[in-house]
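A closer look at the structure
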Amino acid sequence: LHRLAVRGRVARRRAARTVAAIRAAVLRTRDRLLAGARRLVRWAVPLAILAVLGLGVGGAVAVTYGQFGAHPGRNATTWAIRPAAFEGTASCAVCHPDQATSWAAARHGGISCESCHGPLAGHPAANPSPELLAPERSAAPVAATGLLAGVDTSAPTALCLTCHEAIVGRPLGFPVIVPSSHFTGPSCVACHDPHAVTAPTPPIIRHPLIGLPECTVCHNPTGMRPLPPAHPTWSGSCLACHRPIGT
């Protein structure tokens, strides 16, 4: 019986040591897994950023490679064989020598014709009229009787304001206007010849307007004070351009 009791105690001690060893091994494994997880979390964000950047760069290269390529010689050849849309001011002067002469001597002399008139490609077969291109061009051009007879005077306002509207950043001395307070009558080209940049100032009205009829009652071709022959065609209010004295 004594031997059996001793053997039982030894067996229990061995089982306890085995359980303790297993428990220690489990705890060590858990600690290692937790440490690895913490390291993975620390590196996850930088790895994700690198992955996104890599995908972005790879996508940009894939999209632009077909257009720009990695071979400068072949790339230049690809662009060179594209049909030309702009041909330069010299081509315009061949058919429009008078306008080209005025333009060369004016302040617009450094601006290409095609900057305002659009690309020369297809002209004159596609667009033989002398209209200026602008977002507000009307379907039926209104012929002016003033500076630019035959030009669509309803068109160039937005085009002119692209450069000549008073906004922050324009160089000092650059000619600009505030559209709401400038003459609000016909289009810019009714007074300004874009080739010579001339602008006759509308005469001031030197008589009172109170109690008088419409301006065109007196200022008509057969009236007491006819309009001058070069006066632009305008169906709106005369006060859009002419201002009473003192205003």
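Only a predicted model underlies this, so the values are computations on that prediction, with no experimental measurement involved.

So, about the overall build of the protein. A count of helices and strands for the protein gives seven helices and zero strands. Counted from the first residue to the last, the protein has its helices and strands arranged as α-α-α-α-α-α-α. Put simply, the protein has 247 residues, and 15% of those count as buried. Of the roughly 18200 Å² that the protein leaves accessible, carbon and sulfur atoms contribute 67%.

Once that is clear, we can look at the pattern of salt bridges. Tallying each qualifying case throughout the model produces one salt bridge. Between R30 and D31 there is a salt bridge; the shortest N-O distance is 3.4 Å. Taking the relative accessible area as the measure of exposure, R30 reaches 45% and is therefore partly exposed.

It is worth spelling out the side chain of H242 at this point. As for its position among the elements, H242 is in the segment after helix 7 (215-218). Apart from residues lying up to four places away in sequence, H242 is in contact with P202, P203, I205 and H231.

On to the environment of I111, then. Among the structural elements, I111 can be located in the loop between helix 4 (97-105) and helix 5 (113-117). For the pair I111 and T89, spaced 22 residues apart in sequence, the C-alpha separation works out to 9.1 Å.

Taken as a whole, the protein shows an average pLDDT of 76; of its residues, 78% reach a score of 70 or greater. Mean pLDDT across the elements of the protein bottoms out in helix 2 (residues 72-80) (71) and peaks in helix 4 (87). Taken together, the stretch residues 128-153 has pLDDT below 50 and engages in 64 contacts with residues farther than four places along the chain or on a different chain.

Once that is clear, we can look at a nonpolar patch on the surface. On the surface, a cluster of nonpolar side chains totalling about 660 Å² of accessible area is made up of W43, V45, L47, I49, L50 and L53. One can find L53 in helix 1 (residues 2-68).

Time to look at a positive patch on the surface. Positive charge collects at one region of the surface, where R9, R12, R13, R14 and R17 lie side by side. With respect to the secondary-structure elements, R12 resides in helix 1.

Along the chain, the position of A199 falls in the loop between helix 6 (157-164) and helix 7. Residues A199 and V189, spaced 10 residues apart in sequence, show a C-alpha to C-alpha distance of 8.9 Å. Leaving out residues up to four positions away in the same chain, A199 has contacts with C191 and H192.

Here we come to the side chain of N220. Along the polypeptide, N220 turns up in the segment after helix 7. Overall, N220 belongs to the buried group, its relative accessible area being 18%. A polar side-chain atom of N220 sits 2.8 Å from the main-chain amide nitrogen of T222. A polar contact of 2.8 Å, which involves the side chain of N220, links it to the backbone nitrogen of G223.

A separate point is the state of the cysteines. Per the stated rule, a full pass over the model turns up zero disulfides. For the unlinked cysteine C113, the closest cysteine sulfur is that of C92, found at 4.1 Å. Summary of cysteine pairing: C215 is not part of a disulfide, and the nearest cysteine sulfur, belonging to C238, is at 3.9 Å.

Criteria and thresholds
- Residues numbered from 1 in each chain as written.
- Predicted model: local features only at pLDDT ≥ 70, side-chain atom pairs only at ≥ 80, totals over all residues.
- Heavy atoms only, no water.
- Helix = DSSP H or I, 4+ residues; strand = E, 2+ residues; numbered from the N terminus.
- Buried < 20%, exposed > 50% of the residue type's maximum accessible area, 1.4 Å probe, protein only.
- Areas by Shrake-Rupley, 256 points an atom, 1.4 Å probe, with all protein chains shown as cover.
- Salt bridge = Lys/Arg side-chain N within 4 Å of Asp/Glu carboxyl O.
- Contact = heavy atoms within 4.5 Å.
- pLDDT = per-residue confidence, 0-100.
- Patch = residues over 30% accessible without salt bridge, like charges linked within 9 Å, V, L, I, M, F, W, Y side chains within 5 Å.
- Lys, Arg positive; Asp, Glu negative; His and termini not counted.
- Charge placed at Lys NZ, Arg CZ, Asp CG, Glu CD.
- Polar contact = N/O pair within 3.5 Å; in protein donor to acceptor, adjacent residues only side chain to side chain.
- Disulfide = S-S within 2.5 Å.

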